[in-house]
Amino acid sequence: MGKVIAVAQQKGGSGKTMLTAQFAVALVESASVAVMDIDPQGSLTIWGKLRASAPKAAPGLTLATVAGWRLASELEKLKAAHDYVLIDTPPVTDSDARRAVRAADLVLIPLNPAPPDLWAAEGTLRLAAEEKRPAVLIFNRAPAASRLRKRMEAEIAARGLTLLEVALANRAGYANAFADGLGVTEAGPLTQAAEEIRAAVASLKARMK
Ligand SMILES: Nc1ncnc2c1ncn2[C@@H]1O[C@H](COP(=O)(O)OP(=O)(O)O)[C@@H](O)[C@H]1O
Ligand SMILES: [Mg+2]
């Protein structure tokens, strides 16, 4: 049975859809992968449509668009046929988000390294705790080193929360690849962005063994 990663965070624009796409494309280099879009905004679904006609898109990535209430039944099928299933969730902590968290082996929470983003993550952290699911925070659009980032790292550690050791920087390459229906590992396999995503994926994989 495949492993399920729910990408969740109440804050819109934190990078859920971007991360889901980038991680899925990097994972598909060595595993079978499905992504599920349960966000009514449907950004990941549009990315998937662009992907269908992108020459550089690697084959073997399944995309499913489902309403949250149908998540459980659809997920069982996808899990049976793939090594990983990634779920892109809406920016809320409602019943759909809870379903995704409940179904997950790991809840991935992207956030900018700044207090308001951690405050916005509280709802998702609570959901994960209630559903007894491991939650992993990941810094997105992070400056390489800043006082605020260090302060956030200290606060996260002091609270006993888990932060992925690989942070994603703010890179035009991410947005450009996404706009073409690709991941950075396809659009520019030798770029720093591709290296960063592969490192993050390796770290996530190790946590899910
Ligand atoms: N690391 C990054 N570098 C550059 N742009 C990013 C990065 N992460 C996200 N973005 C951009 O920020 C915007 C919001 O990201 P998105 O994944 O749609 O957020 P969410 O799904 O959480 O609402 C998108 O335009 C996306 O391209
Ligand atoms: Mg989104």
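Being a predicted model, the structure only gives us computed values, none of them experimental.

## Observations concerning the overall build of the chain
Argument step 1. Per the secondary structure count, the chain includes nine helices and seven strands.
Argument step 2. What you see for the chain is a C-alpha radius of gyration of 16 Å, in line with the 17 Å of a compact globule of 209 residues.
Argument step 3. Burial status across the chain gives 45% buried among its 209 residues.

## With respect to the packing of helix α1 (residues 16-27) against helix α9 (residues 192-207)
Packed helices, taken two at a time, are described by the angle their axes make and the gap between the axes.
Argument step 1. At their nearest, the axes of α1 and α9 sit 9 Å apart, and the two run at 80 degrees to each other. As summarised for this structure, α1 and α9 are arranged roughly perpendicular, according to the angle between their axes. On α9, the residues that touch Gln-22, Phe-23, Ala-26 and Leu-27 of α1 are Ile-197, Arg-198 and Val-201.
Argument step 2. Grouping the constituent residues of the contact of α1 with α9 by class yields five nonpolar, one polar and one charged.

## Describing the packing of α1 against helix α2 (residues 43-52)
Argument step 1. The geometry of α1 relative to α2 is characterised by a closest axis approach of 9 Å and an angle of 40 degrees between their N-to-C directions. When the axis of α1 is compared with that of α2, the two are oblique. Considering the relative orientation of α1 and α2, their crossing is right-handed. Of the residues in α2, those touching α1 at Thr-17, Thr-20 and Ala-21 are Ser-43, Leu-44 and Trp-47.
Argument step 2. Of the residues that constitute the contact of α1 with α2, the class distribution is three nonpolar, three polar and no charged.

## Things to note about the site of ligand 1
Argument step 1. Neighbouring ligand 1 are 17 residues; Gly-15, Lys-16, Thr-17, Met-18 and Ala-175 lie closest to it.
Argument step 2. Broken down by secondary-structure element, the contributors of at least two residues to the shell around ligand 1 are α1 and α7 (172-179).
Argument step 3. Split into classes, the residues belonging to the shell around ligand 1 amount to six nonpolar, eight polar and three charged.

## So, the environment of Pro-40
Argument step 1. Structurally, Pro-40 can be placed in the loop between β2 (33-37) and α2.
Argument step 2. Using a count of 10 C-beta atoms within 10 Å as the deciding quantity, one classes Pro-40 as exposed.
Argument step 3. Put simply, Pro-40 and Pro-90 are 50 residues apart on the chain and 7.1 Å apart in space, counted from C-alpha to C-alpha.

## Quick word on the pairing of strand β1 (residues 3-7)
Argument step 1. In terms of burial, β1 is a largely internal element, four of the five residues being buried.
Argument step 2. By the bridge criterion, five bridges tie β1 to strand β4 (residues 84-88) in an arrangement that is parallel. For Val-7, the partnering residue across the bridge sits in β4 and is Asp-88.
Argument step 3. As judged from the three bridges shared by β1 and strand β5 (residues 106-111), these two strands associate in the parallel manner. Bridging across to β5, Ile-5 finds its partner in Leu-106.

What counts and what doesn't
- Residues numbered from 1 in each chain as written.
- Chains lettered and ligands numbered in written order.
- Predicted model: local features only at pLDDT ≥ 70, side-chain atom pairs only at ≥ 80, totals over all residues.
- Helix = DSSP H or I, 4+ residues; strand = E, 2+ residues; numbered from the N terminus.
- Rg over C-alpha atoms; globule rule 2.2 N^0.38 Å.
- Buried ≥ 20, exposed ≤ 12 C-beta atoms within 10 Å, placed from the backbone.
- Axes fitted to C-alpha atoms, helices over the stretch in contact; angles between N-to-C directions.
- Parallel < 35°, antiparallel > 145°, perpendicular 65-115°, else oblique.
- Contact = placed C-beta atoms within 7 Å.
- Nonpolar A, V, L, I, M, F, W, Y, C, P; charged D, E, K, R; others polar.
- Left-handed = near helix turned anticlockwise from the far one by under 90°.
- Near = placed C-beta within 6 Å.
- Pairing = 2+ DSSP bridges.

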